[in-house]
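# Structural characterization, general
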Amino acid sequence: MCGIVGYVGNNQACEIILDGLKKLEYRGYDSAGIAVQGKKGIVLKKKKGEIKDGLEKLLGSNMITGTCGIGHTRWATHGVPSDVNSHPHKDYYDELAIVHNGIVENYAELKANLSSKYGIKFKSQTDTEVIVNLISLEYRKNGRDLEKAVMKVAKDLKGAFSIAVIAKDVPQKIVAYRKNAPLIVGAGSKFNLLASDIPALLKYTNDIYLIENDEMVVITPDEVRIVNSKGKRVARDTMKVTWSMEDAEKGGYDHFMLKEIYEQPNAVKETLMRRLDAKGKVNLDGISITKADLKKYDKVCIVACGTAYHAGLVGKYAIERIAKIPVEIDVASEFRYRDPFVDDHTLFIAISQSGETTDTLEALREAKRKGARILSVVNVVGSSVARESDDVFYTWAGPEIAVASTKAYTTQLVCMYLIALYLADKKGVISAAKYNNLVKELKAIPKKMEEVLKTAKDIEKLAKLLYNRTQMFFIGRGLDSAVAYEGSLKLKEISYINSFAIAAGELKHGTIALMEPETIVIALATQDALYDKMFSNIEEIKARYSHIVAITKEWHKDIKKKSNEVIYIPKCDDDVTPILSVVPLQLFAYYVAKENGENIDKPRNLAKSVTVE
């Protein structure tokens with residue numbers, strides 16, 4: 001995720017854009033830049049690093065002069081964080097500048113064509129530079145009509161993106177386009193702004209136009225003109241924003257955690273679509289594990305902590321089931337103290353949201369000393385885990401502010417499925433039909449997550465009913481047991497309720513002694529292949545008069561007979577249910593903590609990045 005800002009009006013643009021970028025830095029902070037229309041062309045300044053240490057110091061007191069410009073704060077996608085890869089980007093002819101939030105899936109073929117057919121030389125590794133050069137060609141072909149050029153190119157791009165473009169000889173105008181990535185416009189008096197999110201604009205206006213998918217918007221100091229993909233002008237009223245600045249930083253949500261729960265459909269989509277090519281094949285860009293390599297590796301070892309460890313549990317299941325490779329999984333804090341059987345025949349996968357978790361780093365270093373190949377799954381570009389790995393798979397969840405992880409977890413799950421599919425394909429152990437079906441199931445997940453989120457009011461009512469209990473149990477079988485662990489952790493992290501998770505088959509081996517009237521049991525029963533066995537476990541608990549909340553797929557209506565409440569998730573393949581079934585558990589934990597008046601985003605004794613053992 002990245003943040004874009006644009007301003008056109010009667011005031012100096014640079015300072016306004018810089019202020020807006022600071023408000024959007026939660027969307028990306030590995031670099032930032034500004035481009036402003038000047039008297040002699042477009043003046044561009046950009047710098048690697050956070051704004052305060054990079055762009056702001058670069059600008060100093062010498063702000064770029066001009067009243068129309070665009071800015072960008074980056075969360076690196078194509079190309080490592082660097083001054084060159086930072087946005088904005090100019091075209092080959094130095095006539096246009098662009099900022100871009102999102103990803104272009106077909107950029108490689110477009111780039112190759114620009115190089116071979118038109119002799120375009122590229123300075124960066126980004127897909128963004130491809131876009132601006134495509135627009136430049138159209139601009140020069142069609143009589144220098146910027147709007148037509150942007151519209152034409154936007155229709156040829158595949159993926160999710162928002163772009164904003166300025167031209168040196170088209171003064172006081174910004175042309176932007178949205179496709180599956182956020183874009184809004186702020187309306188002012190003798191000025192207008194655009195951005196990825198409201199915080200960037202709220203200091204200057206609270207009248208907001210919401211730009212829809214496949215719409216182009218043209219802003220000048222006196223006009224906001226919205227045009228649909230057919231070139232027809234769209235009439236739209238502004239929305240009046242009533243939030244305070246503090247609220248706006250949370251996007252209108254009460255807490256960052258809730259905001260991040262609701263960001264999951266887009267985060268999952270971003271993580272998935274960045275790694276699928278136009279044919280739906282998994283392309284782990286920059287990761288080159290070959291078929292020959294896989295013949296060498298006799299096992300996979302997954303190591304992580306906390307929520308990331310729970311993602312690893314799902315990863316173990318996915319890699320063994322899909323890629324047919326034995327997998328060991330360890331808690332990172334225990335791994336290096338048992339002299340683990342890891343050598344140069346081991347593919348070692350480290351999972352970490354921050355990429356700075358000390359236990360995971362030390363486990364990684366131990367595996368590296370023993371000769372293992374290191375593949376990391378992390379969310380933070382340039383983090384220690386990423387730098388010390390042989391291969392890195394970024395989750396692209398975007399910055400996660402709440403301590404209790406939500407969208408980082410679900411994007412980690414997506415990564416594990418993609419790794420499993422990639423390994424299975426390289427080994428030749430998966431049929432085309434199964435491969436394509438799993439990709440199809442994964443691509444359907446974001447919309448299904450949105451369906452689950454629509455049940456939030458029902459889950460809030462459930463939380464109001466159960467929030468004052470002192471302990472709760474989570475149970476499940478197969479993949480559901482991994483999700484049970486994560487649901488239990490979320491609850492204890494932010495509500496401080498004594499929460500406990502086990503595999504349902506272990507109930508009779510001791511834990512059933514704790515079942516009594518009013519004991520709360522969250523029972524996950526989403527695995528069709530294990531549904532009958534799970535139903536039996538629920539009957540055993542119900543016979544002890546415990547209070548059961550069941551989570552299952554929408555067609556299992558019979559579970560109502562044995563449960564006090566039922567939460568349904570949409571139909572999906574058993575293999576991918578964890579990405580959906582965890583969402584109601586996240587919401588339940590959130591609403592329970594809220595009812596108890598806890599500090600949800602900053603729970604006691606916890607930190608976002610655990611940098612001590």
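Quick caveat, the model's predicted, so the values are computed rather than measured. (Residues numbered from 1 in each chain as written. Predicted model: local features only at pLDDT ≥ 70, side-chain atom pairs only at ≥ 80, totals over all residues. Heavy atoms only, no water.)

### Some points on the nonpolar core
For clarity, the threshold we go by: The criterion is simple. A nonpolar core is a set of buried Ala, Val, Leu, Ile, Met, Phe, Trp, Tyr and Cys residues joined through side-chain atoms within 4.5 Å. Under the scheme applied here, a residue whose accessible area is under 20% of the maximum for its type counts as buried, over 50% as exposed, and between as partly exposed, the area being computed with a 1.4 Å probe on protein chains only. Secondary structure elements follow DSSP: runs of H or I of four or more residues count as helices, runs of E of two or more count as strands, with numbering from the N terminus.
Ranked by internal contacts, the top residues of the largest apolar core, which has 95 residues, are Ile-319, Ile-349, Ile-419, Leu-423 and Phe-588. When residues in this core are grouped by element, the largest group, 13 residues, is from helix α14 (residues 407-427).

### Describing the pairing of strand β19 (residues 373-378)
Filter applied, for reference: Here, strands pair whenever DSSP counts at least two bridges between them.
Here β19 lies mainly inside the structure; six of its six residues are buried. Judged by which residues are buried, β19 turns out to be covered on both faces: Arg-373, Leu-375 and Val-377 on one side and Ile-374, Ser-376 and Val-378 on the other are all buried. As defined by bridge partners, strand β18 (residues 346-352) adjoins β19 across six bridges and the pair is classed as parallel. Within β19, the residue paired with Ser-352 across the bridge is Val-378. Note that β19 and strand β20 (residues 391-394) share four bridges and pair parallel. Bridged to Val-378 within β20 is Tyr-394.

### Side note on α14
Applicable threshold: Here the expected span of a helix is defined as 1.5 Å times the quantity of residues minus one.
Helix length check: α14 (21 residues) gives 30 Å between terminal C-alpha atoms against 30 Å at 1.5 Å per residue, within 8%. With 18 of its 21 residues buried, α14 lies for the most part within the structure. Remark: Gly-428 follows α14 within two positions and exhibits a positive phi of approximately 75°.

### Quick word on the sheet that holds strand β13 (residues 223-228)
In plain terms, the rule: Contacts were defined at the residue level, with two residues in contact if any of their heavy atoms lie within 4.5 Å. Interaxial angles span 0 to 180 degrees and are taken between N-to-C directions of axes, which are lines fitted to C-alpha atoms, for helices over the stretch in contact.
Spatially, the seven strands line up as an open sheet ordered β5-β6-β7-β8-β12-β13-β14, and their pairing is antiparallel. The strands lining the two open edges of the sheet, one partner per strand, are β5 (89-90) and β14 (233-234). Looking at chain direction, strand β7 (residues 159-167) and strand β8 (residues 170-179) are connected through six bridges and run antiparallel. Paired with Ala-167 across the bridge in β8 is Val-170. Across the face of the sheet, helix α4 (residues 128-141) comes into contact with β5, β6 (96-104), β7 and β8 while running at roughly 130° to β6.

### Considerations on the environment of Cys-301
By the secondary structure assignment, Cys-301 is in strand β16 (residues 299-304). As a C-alpha pair, Cys-301 and Phe-348 span 47 residues in sequence and 4.8 Å in three-dimensional space.

### Here's the deal with the layout of surface pockets
Selection criterion: Points on a 1 Å grid, built from protein atoms alone, make a cavity when a 1.4 Å probe fits but cannot get out and make a pocket when they are open with protein on both sides within 12 Å along at least 5 of 7 lines; residues with an atom within 4 Å of a point are the lining residues. Grid points are joined across faces, edges and corners, and a volume is the space filled by probe spheres set on the points. All amino acids are sorted into three groups, where Ala, Val, Leu, Ile, Met, Phe, Trp, Tyr, Cys and Pro are nonpolar, Asp, Glu, Lys and Arg are charged, and the leftover types, Gly among them, are polar.
Quantified by volume, the second largest pocket comes out at close to 770 Å³. Mapped onto the lining of the second largest pocket, the elements with two or more residues apiece are β6, α3 (107-118) and β20. Here the lining of the second largest pocket is built from residues that sort into 14 nonpolar, eight polar and 10 charged.

### A short note on the pattern of salt bridges
Note the following rule: Put simply, a salt bridge is a Lys or Arg side-chain nitrogen that is within 4 Å of an Asp or Glu carboxyl oxygen.
Tallied over the full model, the rule gives 40 salt bridges. Taking the shortest distance from any N to any O, the salt bridge between Arg-338 and Asp-330 comes out at 2.2 Å. Judged by relative accessible area, which is 38%, Arg-338 ranks as partly exposed. Salt bridges sharing common partners tie together Glu-147, Lys-173, Glu-223, Arg-225 and Arg-233.

### Considerations on the packing of aromatic side chains
The relation between two aromatic rings is expressed through the spacing of the ring centres and the mutual angle of the planes. To keep it simple, the criterion reads: A pair of aromatic rings is counted whenever rings of Phe, Tyr or Trp (Trp by its six-membered ring) have centres within 6.5 Å, and the orientation is called stacked for planes under 30 degrees apart, edge-to-face for over 60 and tilted otherwise. Charges are assigned to positions over rings by a cutoff of 6 Å between ring centre and Lys NZ or Arg CZ, combined with an angular limit of 35 degrees from the ring normal.
A full pass over the atoms with the stated rule returns nine aromatic pairs. On the basis of an interplanar angle of 80° and a centroid distance of 5.3 Å, the ring pair of Tyr-92 and Tyr-93 is categorised as edge-to-face. On the basis of relative accessibility, which here comes to 31%, the residue Tyr-93 falls in the partly exposed class. A cation over a ring is seen here: Lys-111 above Phe-122, with NZ or CZ 5.1 Å from the ring centre. One Lys or Arg, Arg-140, reaches over the ring of Tyr-93 and ends 3.8 Å from the middle of that ring.

### Points about unusual backbone geometry
In this chain, His-87 is followed by Pro-88 through a cis amide linkage whose omega measures 0°. One non-glycine residue with positive phi stands out, namely Gln-172, at about 55°. Classification of Gln-172 as partly exposed rests on a relative accessible area of 25%. Phi is positive for Trp-396, close to 55°, though the residue is something other than glycine.

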